[in-house]
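Remarks on the overall topology
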Amino acid sequence: MIRTKSFSVGQKVLLFNSRLRLFPGKLRSRWIGPFVITNVFPHGAVQVRSFKTGQEFKVNGHRLKAYYENFVEHTVDDTPLGTVGSNLE
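First, a word on scope: everything that follows refers to the structure included in this document. This one's a predicted model, so the numbers in the text were calculated from it and none came from an experiment. (Residues numbered from 1 in each chain as written. Predicted model: local features only at pLDDT ≥ 70, side-chain atom pairs only at ≥ 80, totals over all residues. Heavy atoms only, no water.)

1. Thoughts on the environment of Val13
To be explicit about the condition: We count a stretch as a helix when DSSP gives it H or I for four or more residues in a row; a strand needs E for two or more, and each element gets its number in order from the N terminus. Throughout, a contact is declared for two residues whenever any of their heavy atoms are within 4.5 Å.
Structurally, Val13 is set in strand S1 (residues 12–16). A sequence separation of 52 residues divides Val13 from Lys65, and the C-alpha atoms of the two residues are 5.5 Å apart. In this structure, Val13 is in contact with Phe7, Pro34, Phe35, Ile37, Val48, Leu64, Lys65, Ala66 and Tyr67, ignoring residues within four places of it in sequence.

Given below as structure tokens:
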């Protein structure tokens, strides 16, 4: 089953690299990008722009997934648990 994806203009996405290679590399990622969405067409077509080259092209929306920026680490408070009723008899 294909799940519908909704994209908006200005959103960052990754593109699935579907080119067939003989030896792609075991741990190499097939997702390239990030790209920025410049236009969303009906029936799933999306126009994206590359950050590196600035080139714009249309792709099928099924070949895209959302790109999430690096997460910001938060400080975590350590609370020592008291040993209540610790009778070792």
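2. A short note on the nonpolar core
Within soluble globular proteins, side chains that are nonpolar generally end up buried alongside one another. Heads up, the rule is: Remark: nonpolar core denotes a set of buried residues (Ala, Val, Leu, Ile, Met, Phe, Trp, Tyr, Cys) joined through side-chain atoms within 4.5 Å. Only protein chains enter the area calculation, which uses a 1.4 Å probe; residues under 20% of their type maximum are buried, those over 50% are exposed, and those in between are partly exposed.
Counting nine residues, the largest nonpolar core is built from Phe7, Val13, Leu15, Phe35, Ile37, Val46, Val48, Val59 and Leu64. Breaking this core down by element, the ones donating at least two residues are S1, strand S2 (31–40) and strand S3 (45–50).

3. A word on the pattern of salt bridges
Note the cut-off: Between Lys or Arg on one side and Asp or Glu on the other, a salt bridge is scored when a side-chain nitrogen of the former is within 4 Å of a carboxyl oxygen of the latter.
The final tally for this structure, using the stated rule, is one salt bridge. Between Lys12 and Glu69 there is a salt bridge, with the nearest N and O atoms lying 2.7 Å from each other. With a gap of 57 residues between them, Lys12 in strand S1 and Glu69 in the segment after strand S5 (64–66) connect regions that are remote in the sequence. The partly exposed category is assigned to Lys12, whose relative accessible area is 29%. Residue Glu69 is classed as partly exposed on the basis of its relative accessible area, which comes to 42%.

4. Remarks on unusual backbone geometry
Cis peptide bonds are those with omega within 30 degrees of zero, and the linkage from Gly33 to Pro34 qualifies with 15°. The backbone of His43 shows a phi angle near 65°, a positive value even though the residue is not glycine. In this fold, His43 is placed in the loop between S2 and S3. Classification of His43 by relative accessible area gives exposed; the value is 86%.

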